[in-house]
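If you want the building blocks of each chain, they are given just below.
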Amino acid sequence: MNERISDLRARTSRLPKAQLGFFPTPLYRLDRLSGELGIELYIKRDDFTGMNLFGGNKVRKLTYLLGEAVRRGATHVITYGATQSNHAMETAAACRRLGIQPILYLTVVVEPEPASHRANLLLDNVLGAEIHTVPILPGETEEDADVRAAAMGAARAAELNAEGKLCLDIPMGGASPLGSVGFADGMAELAAQLEALDNLRLSKIYHATGTGGTMAGMHAGRTLLGSDVEIISVAASPKQEEAYIDKVLRLCGEALDLLGSDARPDRADLHLDLTQWQPGYEQPSAAASEAICLLARTEGLFVDPVYTGKALAALLADVRSGKIAKGERVLFWHTGGATALFAEPEILGKLY
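Structure report, in brief. No experiment lies behind these values; they were computed from the predicted model shown. (Residues numbered from 1 in each chain as written. Predicted model: local features only at pLDDT ≥ 70, side-chain atom pairs only at ≥ 80, totals over all residues. Heavy atoms only, no water.)

### A closer look at the overall build of the chain
A count of helices and strands for the chain gives twelve helices and ten strands. Taking 2.2 N^0.38 as the reference for a compact globule, 352 residues should give roughly 20 Å; the C-alpha atoms of the chain span a radius of gyration of 19 Å, in line with that estimate. Seen through its principal axes, the chain has C-alpha atoms that stretch 60 × 50 × 35 Å. For the chain, restricting intrachain contacts to residue pairs at least 6 apart in sequence, the fraction spanning at least 24 positions comes to 80%. With the model as given, the accessible surface of the chain reaches about 14300 Å², and the carbon-plus-sulfur share is 54%. When the 35 basic and 44 acidic side-chain charges of the chain are each reduced to a single mean position, those positions are 4 Å apart. (Helix = DSSP H or I, 4+ residues; strand = E, 2+ residues; numbered from the N terminus. Rg over C-alpha atoms; globule rule 2.2 N^0.38 Å. Contact = heavy atoms within 4.5 Å. Areas by Shrake-Rupley, 256 points an atom, 1.4 Å probe, with all protein chains shown as cover. Lys, Arg positive; Asp, Glu negative; His and termini not counted. Charge placed at Lys NZ, Arg CZ, Asp CG, Glu CD.)

### Some points on helix α8 (residues 213-225)
An α-helical turn contains 3.6 residues, so any two residues separated by three or four positions project in the same direction. Its 13 residues place the ends of α8 18 Å apart at the C-alpha level, agreeing with the 18 Å of an ideal helix rising 1.5 Å per residue. When you tally the buried positions in α8, you get 13 out of 13 residues, the bulk of the element. (Expected span 1.5 Å × (residues − 1). Buried < 20%, exposed > 50% of the residue type's maximum accessible area, 1.4 Å probe, protein only.)

### Overview of helix α5 (residues 119-126)
Every buried residue of α5 is listed here: Ala119, Asn120, Leu121, Leu123 and Asp124. Packed against the buried residues of α5 are α4 (86-98), β4 (101-108) and β5 (130-135). Directly after α5, the chain includes Gly128, whose backbone phi takes a positive value near 75 degrees.

### Let's talk about the environment of Ala157
Structurally, the position occupied by Ala157 is in helix α6 (residues 142-162). Note: C-alpha distance between Ala157 and Gly309 (152 residues apart in sequence) is 35 Å.

### Some points on the sheet that holds strand β1 (residues 27-29)
With mixed pairing, six strands are arranged side by side in an open sheet as β1-β2-β10-β7-β8-β9. Edge positions in the sheet fall to β1 and β9 (271-273), since each has one partner strand and no second. Across the sheet, the mean angle from the axis of one strand to that of its neighbour is 25 degrees, orientation sign disregarded. Where β1 meets strand β2 (residues 40-45), three bridges bridge the pair, whose relative direction is antiparallel. Looking at the pairing, Arg29 lines up with Tyr42 of β2. Sheet strands in contact with helix α7 (residues 177-196) are β1, β2, β7 (204-209), β8 (230-235) and β10 (329-334), and its direction is about 135 degrees off that of β10. (Pairing = 2+ DSSP bridges. Axes fitted to C-alpha atoms, helices over the stretch in contact; angles between N-to-C directions.)

### A short note on the layout of surface pockets
Its volume calculated, the largest pocket comes out at about 1200 Å³. Around the largest pocket, the lining comprises 46 residues; the ones closest to its centre are Asp146, Met172, Gly210, Thr211 and Lys239. Of all elements in the fold, only α3 (58-72), β3 (76-82), α4, α6, β7, α8 and α9 (241-258) reach the threshold of two or more residues within the lining of the largest pocket. Partitioning the lining of the largest pocket into residue classes produces 16 nonpolar, 21 polar and nine charged. For the second largest pocket, the calculated volume is near 460 Å³. Forming the boundary of the second largest pocket are 18 residues, of which Ala191, Leu194, Leu200, Arg201 and Ser227 lie nearest the centre. Contributions of two or more residues to the lining of the second largest pocket are made by α1 (3-13) and α7. If one sorts the elements of the lining of the second largest pocket by residue count, α7 sits on top with five residues. For the lining of the second largest pocket, the residue count by class is ten nonpolar, four polar and four charged. (1 Å grid on protein atoms, 1.4 Å probe; cavity = no way out; pocket = protein on both sides within 12 Å on 5 of 7 lines; lining within 4 Å. Points joined across faces, edges and corners; volume = space filled by probe spheres on them. Nonpolar A, V, L, I, M, F, W, Y, C, P; charged D, E, K, R; others polar.)

### Notes on the state of the cysteines
Summed over all chains, the structure comprises zero disulfides. Just so you know, Cys95 is unpaired, no disulfide at all, and the nearest cysteine sulfur is the one on Cys167, 9.6 Å from it. Owing to a relative accessible area of 0%, Cys95 belongs among the buried residues under this scheme. (Disulfide = S-S within 2.5 Å.)

### Observations regarding the packing of aromatic side chains
One pass over the full model with this rule turns up three aromatic pairs. Seen in terms of ring centroids, Phe183 and Trp333 are 5.2 Å apart; in terms of plane orientation they differ by 50 degrees. Their pairing is tilted. Residue Phe183 is found in helix α7, and its partner Trp333 is found in strand β10; the two are separated by 150 residues along the sequence. Here the two residues Phe183 and Trp333 agree in accessibility, since each one is buried. Look at Tyr281 and Tyr307: their rings are 5.9 Å apart centre to centre, the planes differ by 65 degrees, and that puts the pair in the edge-to-face class. Taken together, the residues span a long stretch of sequence, with Tyr281 in the loop between β9 and α10 (286-299) and Tyr307 in the loop between α10 and α11 (308-321) at a distance of 26 residues. Note on Tyr281: relative accessible area 13%, which makes it buried. (Phe/Tyr/Trp six-rings, centres within 6.5 Å; stacked < 30°, edge-to-face > 60°.)

### A word on the pairing of β10
With five of six residues buried, β10 lies mostly within the body of the structure. Here six bridges tie β2 to β10, and the two strands are oriented parallel to one another. Paired with Lys44 across the strands is Trp333, a residue of β10. Direction of pairing for β7 relative to β10: parallel, over a ladder of three bridges.

### A closer look at the pattern of salt bridges
Under the defined criterion, the tally for this structure stands at 22 salt bridges. A salt bridge links Arg60 to Glu189; the nearest nitrogen and oxygen atoms lie 2.8 Å apart. Of this pair, Arg60 sits in helix α3 while Glu189 sits in helix α7, placing them 129 residues apart in sequence. Given a relative accessible area of 4%, Arg60 falls into the buried group. We note a salt bridge from Lys204 to Glu230, for which the minimum N-O separation is 4.0 Å. (Salt bridge = Lys/Arg side-chain N within 4 Å of Asp/Glu carboxyl O.)

Everything listed here is a matter of geometry and, on its own, says nothing about what the molecule does.
In structure tokens, the structure reads:
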């Protein structure tokens, strides 16, 4: 095995891990869609990560975040997201596997149906998570509501800690330095798979980005591997580009610190695609709906309207504009989240 892959895996192995997902996740060529687009398109199936049928990329982060929680003897874990948050549901499931009580503070971006919960919110209830919904008040932005949710979570943690329990806080999306280590590890996994395929070389990787932890971890891994692959991070919600890249660079640097490295990525290597998030977070777009249907009808695979559908739409747009050249070898990193296909109609949009 390549020495850089071995070195990165040795670095990640020094940190405590919870055994949650099933790795490596599949990597293969999308033959029919490749033929239609005129490129060599591969897919990394992190929708198969586990622990259950509704897994996704957050399990990579939770492997390390909850590994630390177990090491410290946590009895409760608090995390945050929207009512249909993939991260919140995956955290609740992972906590149940480890005997930890999950507590969720969920911002109401799209109002859930009062009569019957759907998709991830349904699963959160089945998992028996302690759920607190946080409405966006008149005059507030979504970010304002998220700040209130974090304050409520901190107060709940203080209450539990005062009772002699140990309650740990996981930020929204698992976007922390330790969480990002999970995706540095994911990059080592991908590199080993490519090496096994006669050292297959990719020119670009496309993935969806929300809170930035996945993007940070991928760049930490890219840096330690000495890779020249271009990572295109497609925003699923509005971002202030420079501030967001600053945040990702900070997370990436702190993840590299945890891995015992003083290496840092070049800022110019961070590519944030802001062309697909409109009309807003958890709001469907025509381009994402087209991408969902195209993948389903060529490969029998599903992506979602919130994250992966918009990331795939960016890839398709770059093929059609010539940013991806004919015959170029590209990877789509499927980060999961297909439960959104069963969410509220306002999230799903019109697919047929």
